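Single-letter residue listing:
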Amino acid sequence: MSTATRKSTASRASKTVEKPAANPNAELENQVASLVAKIASLEKELADLKNTVNAQPAPAAAPAAASASGRDEELRLELRKWIKTMNNPKRPTILPNI
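The structure presented is a predicted model; accordingly, all values stated were derived computationally and were not measured. (Residues numbered from 1 in each chain as written. Predicted model: local features only at pLDDT ≥ 70, side-chain atom pairs only at ≥ 80, totals over all residues. Heavy atoms only, no water.)

**Quick notes on the overall build of the protein chain**
Within the protein chain one finds three helices and zero strands. Helices (α) and strands (β) of the protein chain occur, in sequence order from the N terminus, as α-α-α. With 98 residues in all, the protein chain has 2% of them scored as buried. Of the roughly 9700 Å² that the protein chain leaves accessible, carbon and sulfur atoms contribute 59%. (Helix = DSSP H or I, 4+ residues; strand = E, 2+ residues; numbered from the N terminus. Buried < 20%, exposed > 50% of the residue type's maximum accessible area, 1.4 Å probe, protein only. Areas by Shrake-Rupley, 256 points an atom, 1.4 Å probe, with all protein chains shown as cover.)

Structure below.
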């Protein structure tokens, strides 16, 4: 057997002074509160931005392309002739005047 003496743990328990329990979630609660404040400020900024965007008039429509007005009919005719003669080996190829 061992010759070591045992010490009572009851005397140690009476000597320790219990500290008041600090809120372990206090830091997390502070972080959550700051995040909620940031979200509120961002929502306000978003609402202001939407109001300014809605207040601006819509940009004017772009003018129609010139090729859609039928001005390039001659060019289309020249290209049709060139493609037809290019694919036909019996006729000389007609080069378009561009």
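**Description of the pattern of salt bridges**
All told, the structure shown has three salt bridges when counted by the stated rule. Two residues, D72 and R76, come together in a salt bridge whose shortest N-O distance is 3.4 Å. Judged by relative accessible area, R76 falls into the partly exposed class, the value being 39%. When the shortest N-O distance is used, the salt bridge between R76 and E73 registers 3.9 Å. With a gap of three residues between them, R76 and E73 both fall in helix α3 (residues 73–87), about one helical turn apart. Looking at E73, the relative accessible area reads 42%, which means it is partly exposed. In this structure, a network of salt bridges that share partners links the residues D72, E73 and R76. (Salt bridge = Lys/Arg side-chain N within 4 Å of Asp/Glu carboxyl O.)

**Looking at a nonpolar patch on the surface**
There is a patch of nonpolar side chains on the surface, built from L46, L49 and V53 and spanning about 280 Å² of accessible area. By relative accessible area, which is 46% here, L46 ends up partly exposed. (Patch = residues over 30% accessible without salt bridge, like charges linked within 9 Å, V, L, I, M, F, W, Y side chains within 5 Å.)

**Details of the side chain of T85**
Among the structural elements, T85 can be located in helix α3. Here the side chain of T85 touches I94 through a polar contact of 3.0 Å, landing on its backbone nitrogen. Excluding residues within four positions of it along the chain, T85 makes contact with R91, P92, T93 and I94. (Polar contact = N/O pair within 3.5 Å; in protein donor to acceptor, adjacent residues only side chain to side chain. Contact = heavy atoms within 4.5 Å.)

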